[in-house]
Amino acid sequence: MQERLQKLLAQAGHGSRRACEEFIIAGRVRVNGEVALLGQKADLTVDKVTLDGRALPKAEALNYVYIALYKPRNVLSAAEGQDDRQTVRDLIPLEGHLYPVGRLDFDSEGLILMTNDGELTNKLTHPRYGHQKEYRVLLARRPDEKQLEAWRRGVVLEDGDKTAPADVITLSMAGKGAWIRVIMGEGKKRQIREVGKRLGLPVVKIIRLRIGTLKLGSLKPRQWRHLTEDEVKELRGEKITKAEGRRERPRDNRLHPTDKRKRVSGGKPRPLNRSRGEQPATREKTGVERTDRPRTKRR
C-alpha cells in the first residue's frame, strides 16, 4: 500500500514526520533513483526509497526499539551532533537508528525516550495529542501565590506567544529558593526557563520526571533501560487488560487457598501465658490444624 514518504521515513526511525519532510525538501530522498517531492507516495514492497543513498528497510524487517534514558546536563537531545558536544545517542551503545522523542534543553536533565518508531514519535510530539510532561524545577527565589497563578494561567513570552495553562505547585523550600512541580501539555523551546525569567523566578535546575505515561523511575544520570510491553502499549494509548496488568501476589503456602487470613489489630499477637492455662486456638476458630497439643500432666 502506498504511503506518504515522510510517513515511511518516520516509520523507519528517521525522526518525526515534520523532520522527515525537511529531508524531502532538501532533496535527500529518492524514489527508484529519482529525487522525491514533498507529498509524493511510495510502496516499500515495490519501490526503493533511499535517504542519503541508504535504502529504507521493508516493513516486515523493521524492529522497533524503545529506551528510557536519564539525560544528564550538558548533553544534546539529538541523534547526531553538529559539533563536539556529546549527544543522547552517544550514551546508548546499540546499533541502528534511534532518535529522541521531543526536546530537553542542553542544560536540563531527566527522562528522554529513544526509539526508532516514527509513528509513536509523531503521536507523542504532535500538539494535537496533548501528552503531558512533568518536571521538577528548582527556582532561585521562593515564588508567591500571585506568581504561581500567573504561571498556571499562561505567560506571554518575549516573542509574543502565550503559553498554555499548566499545573504548577510548590513542593518544598530550598534555602532562598524552592522546588516546584510543573506539568504541561506543550513544549516550546526553553519554555520553563523563559516563563521563570518573565515572572522574576530564575530557574536553577530542571529535571523531567514523566513523558505521558512513561516515568523516569529510579534511573540515574546516563543510565538507560528498555521499555516493557505494557509501557509501550500505554504510550500508544492501547488498553491493557486486567490479566496483562495484574501482578501475581506471593502465595503463602502455610494456608490453604480456601482459608481466610484473620486480621489482628494492635500489631503482633500477645504471646500465650501457659502458666495461666492459656492454650493455642483450636481448628474451629482459625481453620489451621492444631499441632501443639498440651501434654497430660503426670500425677
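Numbering of residues begins from 1 in every chain and follows the order in which that chain's sequence is written. The model is predicted, so local features are restricted to residues of pLDDT at least 70 and side-chain atom pairs to those at 80 or more, both for listing and for counting; the totals for chains, interfaces and linings are taken over all residues. Excluding hydrogens and water, the side-chain values take into account all heavy atoms of the structure.

Regarding the overall build of the chain
And then number 1: For the chain, the count of helices and strands is 8 helices and 15 strands.
And then number 2: Note on contacts: a residue pair is in contact if any heavy atoms of the two residues lie within 4.5 Å. Intrachain contacts of the chain at a sequence separation of at least 6 include 61% that bridge at least 24 residues.
And then number 3: All accessible-area figures derive from a Shrake-Rupley calculation using a 1.4 Å probe, and residue coverage is judged against the displayed protein chains alone. Counting only carbon and sulfur atoms, one obtains 47% of the accessible surface of the chain, whose full area is about 19800 Å². Helix numbers and strand numbers start at the N terminus; a helix is a DSSP run of H or I with at least 4 residues, a strand a run of E with at least 2.

So, the nonpolar core
And then number 1: The term nonpolar core refers to a set of buried residues drawn from Ala, Val, Leu, Ile, Met, Phe, Trp, Tyr and Cys, joined through side-chain atoms within 4.5 Å. Buried residues are those whose accessible area, probed at 1.4 Å on protein chains only, stays under 20% of the maximum for their type, while exposed residues exceed 50% and partly exposed ones sit between those limits. Counting residues in each nonpolar core, the largest one holds 29 residues, and the members touching the most others are Met114, Val137, Trp151 and Ile192.
And then number 2: Contributions of two or more residues to this core are made by strand E7 (66–71), strand E9 (109–115), strand E10 (133–139), helix H4 (145–153), strand E12 (177–184), helix H5 (191–198) and strand E13 (203–211).
And then number 3: Contacts of Met114, omitting those with residues within four sequence positions, involve Val65, Tyr66, Ile67, Leu69, Val88, Arg89, Ile92, Leu98, Tyr99 and Pro100.
And then number 4: Core analysis: the second largest hydrophobic core is formed by 18 residues, Tyr70, Leu138, Leu227 and Val232 among them.

Focus: the sheet that holds strand E2 (residues 29–31)
And then number 1: If you walk across this open sheet you meet the 4 strands as E3-E2-E5-E6, and the pairing is antiparallel. Bordering the open sheet on either side are strand E3 (34–35) and strand E6 (54–55), each of which pairs with just one other strand.
And then number 2: Relative to E3, E2 is paired through 2 bridges, and the arrangement is antiparallel. Opposite Arg30, over in E3, you have Val35 as the bridge partner. By the convention used here, strands pair only if DSSP detects at least 2 bridges between them.

With respect to the side chain of Arg89
And then number 1: Among the structural elements, Arg89 can be located in the loop between E7 and strand E8 (99–100).
And then number 2: This buried residue, Arg89, is left without a salt bridge; Asp90 holds the nearest opposite charge, at 7.0 Å.
And then number 3: Distance and chemistry together define a polar contact, namely a pair of N or O atoms within 3.5 Å, with one atom able to donate a hydrogen and the other to accept it when in protein, and with adjacent residues in sequence counting only for side-chain atoms on both sides. Within the structure, Arg89 has its side chain in polar contact with the backbone oxygen of Ile92 (distance 2.7 Å).
And then number 4: Those residues in contact with Arg89, other than ones at most four positions away along the chain, are Ala78, Ala79, Leu94, Glu95, Gly96, Leu98 and Met114. In this tally, Asp and Glu contribute negative charge and Lys and Arg positive charge; neither His nor the terminal groups of the chain are included. A pairing counts as a salt bridge when a side-chain nitrogen of Lys or Arg comes within 4 Å of a carboxyl oxygen of Asp or Glu.

Details of the confidence of the model for the chain
And then number 1: The predictor attaches a confidence to each residue, called pLDDT, with possible values from 0 through 100. Residue-level pLDDT values for the chain average 82, and 78% of them are 70 or greater.
And then number 2: Note on residues 246–266: pLDDT is under 50 here. Beyond four places in sequence and across chains, it has 5 contacts.
And then number 3: Predicted confidence for residues 283–291 stays below pLDDT 50, and this span has 7 contacts to residues more than four positions away or in other chains.

Remarks on the side chain of Gln6
And then number 1: Here Gln6 lies in helix H1 (residues 5–11).
And then number 2: Excluding residues that lie within four positions of it along the chain, Gln6 makes contacts with Arg17, Cys20, Glu21, Ile24, Leu38 and Gly39.

With respect to the environment of Leu104
And then number 1: As for its position among the elements, Leu104 is in the loop between E8 and E9.
And then number 2: Residue class for Leu104 comes out buried when judged on its relative accessible area of 6%.
And then number 3: The spatial distance from the C-alpha of Leu104 to the C-alpha of Ile207 is 9.4 Å, given a sequence separation of 103 residues.
And then number 4: Apart from the residues lying within four places of it in its own chain, the contact partners of Leu104 are Lys71, Ser77, Glu109, Gly110, Leu111, Ile112, Tyr135 and Arg208.

Here's the deal with the pattern of salt bridges
Proximity of charged atoms lets side chains of opposite charge pair with each other.
And then number 1: In total, this model carries 15 salt bridges according to the counting rule given.
And then number 2: With its nearest N and O atoms 3.1 Å apart, the salt bridge here joins Arg85 to Asp83.
And then number 3: Judged by its relative accessible area of 38%, Asp83 is partly exposed.
And then number 4: Linking Arg225 and Glu231 is a salt bridge whose minimum nitrogen-to-oxygen distance equals 2.9 Å.

Details of the packing of aromatic side chains
And then number 1: Only the six-membered ring of Trp is used, alongside the rings of Phe and Tyr, when aromatic pairs are assigned; centres must lie within 6.5 Å, and planes under 30 degrees apart are stacked while those over 60 apart are edge-to-face, with the rest tilted. The full count for this structure, using the stated rule, is 1 aromatic pair.
And then number 2: Measuring from ring centre to ring centre gives 6.4 Å for Tyr64 and Tyr66, while their planes differ by 55°; the resulting arrangement is tilted.
And then number 3: For Tyr64, a relative accessible area of 31% corresponds to the partly exposed category.
And then number 4: Distance and angle both matter: a charge sits over a ring if NZ of Lys or CZ of Arg is within 6 Å of the ring centre and within 35 degrees of the ring normal. For the cation-ring pair, Arg85 lies above Phe106, with the distance from its terminal atom to the ring centre recorded as 4.8 Å.
And then number 5: The ring of Trp179 carries the charged tip of Arg136 above its face, separated from the ring centre by 4.5 Å.

Comments concerning H5
And then number 1: Every buried residue of H5 is listed here: Gln191, Ile192, Arg193, Val195 and Gly196.
And then number 2: On the buried face of H5, the contacting elements are E10, H4, E12 and E13.
And then number 3: Downstream of H5 by a residue or two, Gly200 has a phi angle that is positive, lying close to 75°.

Quick look at helix H2 (residues 17–25)
What sets the pattern is the α-helix's 3.6 residues per turn: residues three or four places apart point alike.
And then number 1: When H2 is considered as a whole, its buried residues turn out to be Cys20, Phe23 and Ile24. Looking straight down H2, one finds that the buried residues subtend no more than 100° of arc, so they occupy a single side.
And then number 2: Packing partners of the buried residues in H2 comprise H1, E2 and strand E5 (49–51).
And then number 3: Gly27 sits one or two positions beyond H2 and adopts a positive phi of about 80°. The reported arc concerns the directions from the helix axis to the C-beta atoms and nothing else.

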